[in-house]
Amino acid sequence: MNREQFYALMGGEGTLDYELYLKTKTLLGCQSDYSELCNKDELQFQIVHQVEELWMKLIAYSLLDIDEYLQQENTNRVITLFRRVHLLQQMMTQQLTLLETMSPKEYQEIRLKLGNGSGQESPGFRVLLKMYQPIWHSFKSHYLDKHGLTVEKIYDSEYNHGDAYMVAEALVEFDELFQKFRADHMQLIHRSIGFGAKSLKGRAVEILEEGMRQKFFPELWEIRTRMTDRWGASYGVKRDSLGGHH
Ligand code: HEM
């Protein structure tokens, strides 16, 4: 068989139940036609982005479910679904590394085809950037306020590793993994277009650094600093060495 015949096989007939249920014909038609690809890396470039969009769709959907379970204080469901979300976030970060198998030159060729498109236009990412607000609101009203709890109490003065603490740590994990994606994406930029390059919208990639400082749940991070200050007050700013050396 020649290459074209294999291409036809790769698309499938689209008539079997597996293909019908999963809409494989549509799915496998979402990438450019083989004749339109500018080089051997473009298919990978499209698929990685499309897969990432699908994972973000699933993350967003799961977060909506999590929000409902938070309002019901169904902690077991919340924790199980957050485990799913965290795994998806890790996979998203891991899958970025596929694009490191693309040479900088091949990316320049692909980049000529992108118009002024930017990852900032990603529908999945844009919706995720909005979802922490309802999640935080539900957590705060149903796990904290309603029970007379505060972030300080669950982490320190009334710490008992209870439900509110477990959910708070799942939120922290979400925040951290989101930043890990951003950090690895930044590395990918360094690797493919170089640090300090202008994006296709003419803005320097440094603007991404603003996002890298974002915290969805700042209160959950600040409590750690406050605890270190408070506990640290018992020994002062600088502690004596355990060996007794000053
Ligand atoms: C060679 C590969 C890639 C390069 C060179 C690249 C480059 C860039 C650049 C320069 C920006 C800044 C955009 C602007 O200034 O408007 C950006 C943003 C972004 N890219 Fe990529 N990107 C790559 C792959 C990916 C992939 C695979 C994803 C998967 C989801 C992705 C998602 C995003 C997102 C979500 C943003 C916005 C980030 C934020 O606002 O914090 N990128 N990318």
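A quick note: this is a predicted structure, and the numbers were derived from the prediction, not measured. (Residues numbered from 1 in each chain as written. Predicted model: local features only at pLDDT ≥ 70, side-chain atom pairs only at ≥ 80, totals over all residues. Heavy atoms only, no water.)

A. The arrangement of helix 7 (residues 123-144) in detail. Compared with an ideal rise of 1.5 Å per residue, which puts 22 residues at 32 Å, helix 7 spans 32 Å between its outermost C-alpha atoms and is within 8% of the ideal. The largest bend along helix 7 measures about 30° and falls at Lys-130, with the proline Pro-134 one to four residues further on. Packed against the buried residues of helix 7 are helix 4 (42-71), helix 5 (75-96), helix 8 (151-157), helix 9 (163-192) and helix 11 (218-232). (Helix = DSSP H or I, 4+ residues; strand = E, 2+ residues; numbered from the N terminus. Expected span 1.5 Å × (residues − 1). Bend = angle between axes of the 7 residues up to and from the residue. Contact = heavy atoms within 4.5 Å.)

B. Structural view of the packing of helix 4 against helix 7. Packing of helix 4 against helix 7 brings their axes to within 9 Å, and their N-to-C directions diverge by 15°. Here helix 7 runs roughly parallel to helix 4, going by the angle between their axes. The two elements helix 4 and helix 7 cross, and the hand of that crossing is left-handed. For the pair helix 4 and helix 7, contact is made by Glu-53, Met-56, Ile-59, Ala-60, Leu-63, Leu-64, Ile-66, Asp-67, Leu-70 and Gln-71 and by Pro-123, Gly-124, Phe-125, Val-127, Leu-128, Met-131, Pro-134, Ile-135, Ser-138, Phe-139, His-142 and Tyr-143, respectively. (Axes fitted to C-alpha atoms, helices over the stretch in contact; angles between N-to-C directions. Parallel < 35°, antiparallel > 145°, perpendicular 65-115°, else oblique. Left-handed = near helix turned anticlockwise from the far one by under 90°.)

C. Structural detail: the domain arrangement of the protein chain. What the domain assignment lists for the protein chain is domain 1 (1-30) and domain 2 (40-229). For domain 1 versus domain 2, the distance between C-alpha centres works out to 33 Å. (Domains from an automatic or database assignment.)

D. How the structure looks around the packing of aromatic side chains. Counting across every chain of the model gives 16 aromatic pairs. Ring geometry for Tyr-7 versus Tyr-34: centroids 3.7 Å apart, planes at 5°, classification stacked. With Tyr-7 in helix 1 (residues 3-11) and Tyr-34 in the loop between helix 3 (24-28) and helix 4, this pair connects stretches of sequence that are 27 residues apart. The interplanar angle of 80° and the centroid separation of 6.4 Å between the aromatic rings of Tyr-132 and Phe-217 together place this pair among those described as edge-to-face. With a gap of 85 residues between them, Tyr-132 in helix 7 and Phe-217 in the loop between helix 10 (207-212) and helix 11 connect regions that are remote in the sequence. Comparing Tyr-132 with Phe-217 shows no difference in burial state: the two are buried. Taken together, the ring pairs connect Phe-82, Phe-125, Tyr-132, Trp-136, Phe-139, Tyr-143, Phe-174, Phe-178, Phe-181, Phe-216 and Phe-217 into an aromatic cluster. Cation over ring: Lys-215 sits above Trp-221, and NZ or CZ is 4.8 Å from the ring centre. The residue whose ring lies beneath Arg-224 is Trp-221, and the NZ or CZ to ring-centre distance is 5.6 Å. (Phe/Tyr/Trp six-rings, centres within 6.5 Å; stacked < 30°, edge-to-face > 60°. Buried < 20%, exposed > 50% of the residue type's maximum accessible area, 1.4 Å probe, protein only. Lys NZ or Arg CZ within 6 Å of the ring centre and 35° of its normal.)

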